Amino acid sequence: MIRVTLPDGSARELRAGASARDLAESIGPGLAKAAVAAKVNGEVRDLARALPDGAQVSILTKRDPEALLVLRHSAAHLMADAILRVFPKAQLTIGPVVDDGFYYDIFLPEGKISTDDFPRIEAEMVRIAEEGKPFQRCVSSYDEADEHFARYRAIDGGDNKFKRELVAGIRERGEELSFYKHGDFIDLCRGPHVPDTGFLKFTKLTKLSGSYWRGDATKDQLSRVYGISFFSKKELDDHFFMLEEAKKRDHRVLGKQLDLFHMDDEAPGFPFFHPKGARLWHTLVDFMRGMLRRRGYQEVKTPIVLSEQLWHTSGHYANYLENMFFTKMKLRDEKDPSKIHEHVDEERPMAVKPMNCPGHCLVYGTRIHSHRELPLRISEMGLVHRREFSGVRHGLFRVQAFTQDDAHHFCSPEQIEGEIKLLIGFFKQIYSAFGLDDVHIELSTRPAKSIGSDEVWATAEGALKRVLDQNGIAYKLNPGDGAFYGPKIDFHIRDSLKRSWQCGTIQLDFSMPLRFGLAYVGADGEKHVPVMIHRACFGSVERFLGILIEHFAGNFPLWLAPVQTVVVPVSEKFFDYAKSLNEQLLDLGLRSEVNLKDDRVGYKIREATLQKIPYAIVVGEKEQENGTLNARSRDEGELGEMKLGEFWAKIESAASPPVRPNALV
RNA sequence: GCUGCUGUAGCUCAGCCGGUAGAGCACUUCCUUGGUAAGGAAGAGGUCAUGGGUUCAAAUCCCGUCAGCAGCUCCA
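Since the model is a prediction, treat every value here as computed from it, not as a measurement. (Residues numbered from 1 in each chain as written. Chains lettered and ligands numbered in written order. Predicted model: local features only at pLDDT ≥ 70, side-chain atom pairs only at ≥ 80, totals over all residues. Heavy atoms only, no water.)

Draft legend 1. Region of the structure containing the overall build of chain A. Secondary structure assignment for chain A yields 20 helices and 35 strands. Each principal axis of the C-alpha distribution contributes one length, and for chain A these read about 85 × 75 × 70 Å. The proportion of buried residues among the 665 residues of chain A is 50%. In chain A, the proportion of contacts linking residues at least 24 apart, taken out of those at least 6 apart, comes to 68%. Of the roughly 31900 Å² of accessible surface on chain A, a fraction of 50% belongs to carbon and sulfur atoms. Averaging the coordinates of the 90 positive side-chain charges in chain A and doing the same for the 96 negative ones gives two points 1 Å apart. (Helix = DSSP H or I, 4+ residues; strand = E, 2+ residues; numbered from the N terminus. Buried < 20%, exposed > 50% of the residue type's maximum accessible area, 1.4 Å probe, protein only. Contact = heavy atoms within 4.5 Å. Areas by Shrake-Rupley, 256 points an atom, 1.4 Å probe, with all protein chains shown as cover. Lys, Arg positive; Asp, Glu negative; His and termini not counted. Charge placed at Lys NZ, Arg CZ, Asp CG, Glu CD.)

Okay, structure coming up:
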């Protein structure tokens, strides 16, 4: 007999060799039916595997997020099996689960797979799923590995160099070699898997792309087939609905439809903001400026082009060169003005700033500072340029020039914790104004390429950890992901489609103040080196704007909407009344327009709706006589006839950002 | 940067087994003076991304370049 413990603390006795499925059956038939896999001593395992004595066991059902990963991994096997049936020459490589489903990288010695083949592959997948063949785990010795491969169909004639390489790796690490088979298919796999292929009925192929063996462009090129799998049809349908929704909300599409911005061949990766986009941009910046002022920030404005030498001092030249733009002079030939000399060397070559910190260090360094001034918070809506590889640019999300809502806190070491605490609460307050309350924090530590001593890094990393731990703030650790000058805390926010975006960042830096020879005079009359905290909340204003466009699907709340009201006269006879009403709306501080085109009311309403304008205000004979307006809300439909004062009272509070009190969590 | 796909009117797209371009919407003008998601008519608008090649003839076929899209890699 063995004895296992359940999550509720109770214990159960089972016969020796009993599996998690036996356990589930002993608890109840319902659970046995719902069971997908088991978590044994913290490790997810097949339901069919024997339980060790004394184990902590929980049965995973369709509801557990971990069960979904198991399902998708199994679906990858299902897909691989189907692909081999359609493409018998294909060789499998690796097939992991990713955030958004799973994929399998496949080597095709001849021929090509295309999305046109998806229906055939999916048809095979349905067939295999309906067979409901059990997944069986086989542990193999290394010598038997080839035999397994040869006997089954996972590999073409047992000669798959990719799988051989994987097997060799497993042998080297001294790990157990296991295979999983269902029906005639077998594949090298650590597992675990769902009990049988019947679980995999709700699986779809999603996309296809190229990839390389081991992600290395010099190695064999592979085809990566992506898929997604769920436990139910509803979840699968919902998933595709969300994808459709995301496509509809694409900020590049909405940016065009709402006339917010455009990207031009003449300036790849540099957005052109149209009047409405620029208004949105300024609304964000103005909001941020107000919030910064309230916290004692002092805004500066520093140059965009600075000497190359400065970037040597800061360390960017050594660590960030590939992402920087440099200026190069051109000169006319003195004798032949039609001849131009390119790339003329300058005595003092210049570079375009990719970050604002060196500029702020120069500002700080212009005079002596007392410890009484600290913490000194210097902010800037800093326009930075960063060279990006072609192919990574993406709408407003990834551009080559963007504005950071940047700031640097110069403070004493004792003040670090207070500043970080202030910032965490501050950032969350900002995000909540946009309804972005699902925020999680990540802590990134020293990367391979970095400046500063081990000691300094240890101090800086320790300080950030301490603030998070002492304030009970949950976070995820990302080793090696910090900035080259210091560790950082990043803020990830989830939008209305549950997608996560990295926005805010707080970076601790002991090195740059030292490199720039910055100092403050302490209470002891001696000079001390200040600590520098780099921080940005939106991150990139442009990118944040892109996120907001998708988050709101273009339906901006009143305070953000580039056009808040549009006055629609019923006919030409009421143009004057419409214009005067528009003037009054403008006087109230609203961003208002009046539609004086020769269109019918219905058409103008349609236009206002498509432009997602919060209020269309219809005026005709009745309104002119009564000195009223008739408002139609984008979100609530017709509001009826009312006086301007009444309308204003109704919308006034929504016209400014909803700011909640500053709080840590 | 790599792989695959794409580039035709302001926008969305058709034309693409070669014979110098077409629709809808938008735009302009006229008619219409209208009450909450499309009133009607006429008109204007394109060296088919760009450079080269094949051909009697290229939007159409081939190659290079640029840009975009989906991935890979990297980041705010």
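What follows picks up the thread again.
Draft legend 2. Representation of the environment of lysine 276 in the model. Looking at the element boundaries, lysine 276 is found in helix α9 (residues 275-294). Overall, the relative accessible area of 19% leaves lysine 276 in the buried class. Considering only alpha carbons, one finds lysine 276 and lysine 33, 243 residues apart in sequence, at a separation of 56 Å. The residues contacting lysine 276, other than those within four sequence positions of it, are Leu258, Asp259, Leu260, Pro562, Val563, Glu593 and Gln611. In this structure the side chain of lysine 276 is engaged in a polar contact, spanning 3.3 Å, whose partner is the side chain of glutamine 611. (Polar contact = N/O pair within 3.5 Å; in protein donor to acceptor, adjacent residues only side chain to side chain.)

Draft legend 3. Region of interest: the domain arrangement of chain A. Per the domain assignment, the segments of chain A are domain 1 (2-61), domain 2 (66-234), domain 3 (272-302 + 356-552) and domain 4 (565-655). On a C-alpha basis, the centroid separation for the pair domain 2 and domain 3 is 43 Å. (Domains from an automatic or database assignment.)

Draft legend 4. Local environment of the protein's contact with RNA strand B. With respect to spatial proximity, 48 residues lie near RNA strand B, and among them Ser209, Tyr212, Ser571, Glu572 and Tyr603 are the closest. A distance of 3.4 Å is found between a sugar or linking oxygen of RNA strand B and a side-chain nitrogen or oxygen belonging to glutamine 502. Arginine 543 is positioned such that a nitrogen or oxygen atom in its side chain is 2.9 Å from a sugar or linking oxygen of RNA strand B. Contributions of two or more residues to the surface near RNA strand B are made by β12 (202-212), β13 (221-230), α8 (251-257), α18 (601-610), α19 (621-626) and β34 (629-633). By residue number, the principal contributor to the surface near RNA strand B is α18, which donates 7 residues. Looking at the surface near RNA strand B residue by residue, the classes come out as 14 nonpolar, 12 polar and 22 charged. (Near = heavy atom within 4 Å. Nonpolar A, V, L, I, M, F, W, Y, C, P; charged D, E, K, R; others polar.)

Draft legend 5. The packing of aromatic side chains, seen in detail. A full pass over the atoms with the stated rule returns 22 aromatic pairs. Positioned above the aromatic ring of tyrosine 226, the side-chain terminus of lysine 207 is 5.1 Å from the ring centre. Between arginine 224 and the ring centre of tyrosine 103, over which it is positioned, the NZ or CZ distance is 3.8 Å. (Phe/Tyr/Trp six-rings, centres within 6.5 Å; stacked < 30°, edge-to-face > 60°. Lys NZ or Arg CZ within 6 Å of the ring centre and 35° of its normal.)

Draft legend 6. Broad picture of the sheet that holds strand β11 (residues 185-188). Strand order in the open sheet formed by 3 strands is β9-β10-β11, and the pairing between neighbours is antiparallel. On the outer flanks of this sheet lie β9 (136-140) and β11, each paired with one strand and no other. Strand-to-strand, the axes of this sheet are offset by a mean angle of 25°, without reference to chain direction. As paired elements, strand β10 (residues 177-182) and β11 share 4 bridges and run antiparallel to each other. Bridging from a neighbouring strand, phenylalanine 179 pairs with leucine 188 of β11. (Pairing = 2+ DSSP bridges. Axes fitted to C-alpha atoms, helices over the stretch in contact; angles between N-to-C directions.)

Draft legend 7. Representation of the sheet that holds strand β21 (residues 369-370). Read across the sheet, 3 strands follow the order β21-β28-β29 without closing on themselves; strand pairing throughout is mixed. Sheet topology places β21 and β29 (527-528) at the edges, where each strand pairs with a single neighbour. Note that strand β28 (residues 520-521) and β29 share 2 bridges and pair antiparallel. By the bridge assignment for β29, valine 521 is matched with lysine 527.

Draft legend 8. Representation of helix α7 (residues 233-249). The first and last C-alpha atoms of α7 sit 24 Å apart over 17 residues, in line with the 24 Å expected at 1.5 Å per residue. For α7, every residue scored as buried is listed here: Leu236, His239, Glu245, Ala246 and Arg249. Residues of α7 that are buried sit in contact with β12, β13, α8 and α16 (541-552). (Expected span 1.5 Å × (residues − 1).)

Draft legend 9. A look at the pattern of salt bridges. Considering all chains together, one arrives at 33 salt bridges under this definition. The residue arginine 3 makes a salt bridge to glutamate 13 at a minimum N-O spacing of 3.7 Å. Remark: glutamate 13 occurs in strand β2 (residues 11-14) and arginine 3 occurs in strand β1 (residues 2-5); sequence separation between them is 10 residues. Here glutamate 13 falls in the exposed class, since its relative accessible area comes to 51%. Among the ionic pairs, aspartate 22 bridges to arginine 15, the shortest N-O distance being 3.0 Å. Accessibility expressed as a relative area gives 49% for arginine 15, which makes it partly exposed. (Salt bridge = Lys/Arg side-chain N within 4 Å of Asp/Glu carboxyl O.)

Draft legend 10. Fine view of the nonpolar core. If you look at the biggest cluster of nonpolar residues, it comprises 61 residues, and the most contacted ones within it are Tyr431, Phe434 and Phe544. Those residues in contact with phenylalanine 434, other than ones at most four positions away along the chain, are Leu284, Phe287, Phe538, Phe544, Leu548, His551, Phe552, Trp559 and Leu560. (Core = buried A, V, L, I, M, F, W, Y, C linked by side-chain atoms within 4.5 Å.)

Draft legend 11. Up close: the pairing of strand β22 (residues 376-385). Within β22, 9 of the 10 residues are buried, leaving the element largely enclosed by the surrounding structure. Strand direction decides the pairing type here: strand β16 (residues 298-299) and β22, joined by 2 bridges, are parallel. Looking at β22, one finds that glutamine 298 is bridged to isoleucine 378. Bridge analysis of β22 against strand β23 (residues 401-411) gives 10 bridges, and the strand direction is antiparallel. Residue pairing across strands places leucine 383 opposite threonine 403, the latter belonging to β23.

Draft legend 12. The arrangement of the packing of α9 against helix α13 (residues 416-432) in detail. Orientation of α9 relative to α13, taken along the N-to-C sense of each, is 150°, at an axis distance of 12 Å. Compared by their axis directions, α9 and α13 come out roughly antiparallel. Crossing of α9 over α13 shows right-handed handedness. Residues Phe287, Met288, Met291 and Leu292 of α9 lie in contact with α13, whose contacting residues are Phe426, Gln429 and Ile430. For the contact of α9 with α13, the class distribution of residues is 6 nonpolar, 1 polar and no charged. (Parallel < 35°, antiparallel > 145°, perpendicular 65-115°, else oblique. Left-handed = near helix turned anticlockwise from the far one by under 90°.)

Draft legend 13. Expanded view of unusual backbone geometry. Cis rather than trans, the peptide bond between leucine 374 and proline 375 has omega equal to -5°. Structurally, proline 375 can be placed in the loop between β21 and β22. Backbone geometry places lysine 498, a non-glycine residue, at a positive phi of 70°. With respect to the helices and strands, the residue lysine 498 is situated in the loop between β26 (488-494) and β27 (500-509). A positive phi angle is found at alanine 553, which is not glycine, with a value near 55°. Structurally, the position occupied by alanine 553 is in the loop between α16 and β31 (565-569). Alanine 553 sits in the buried class, given a relative accessible area of 13%.

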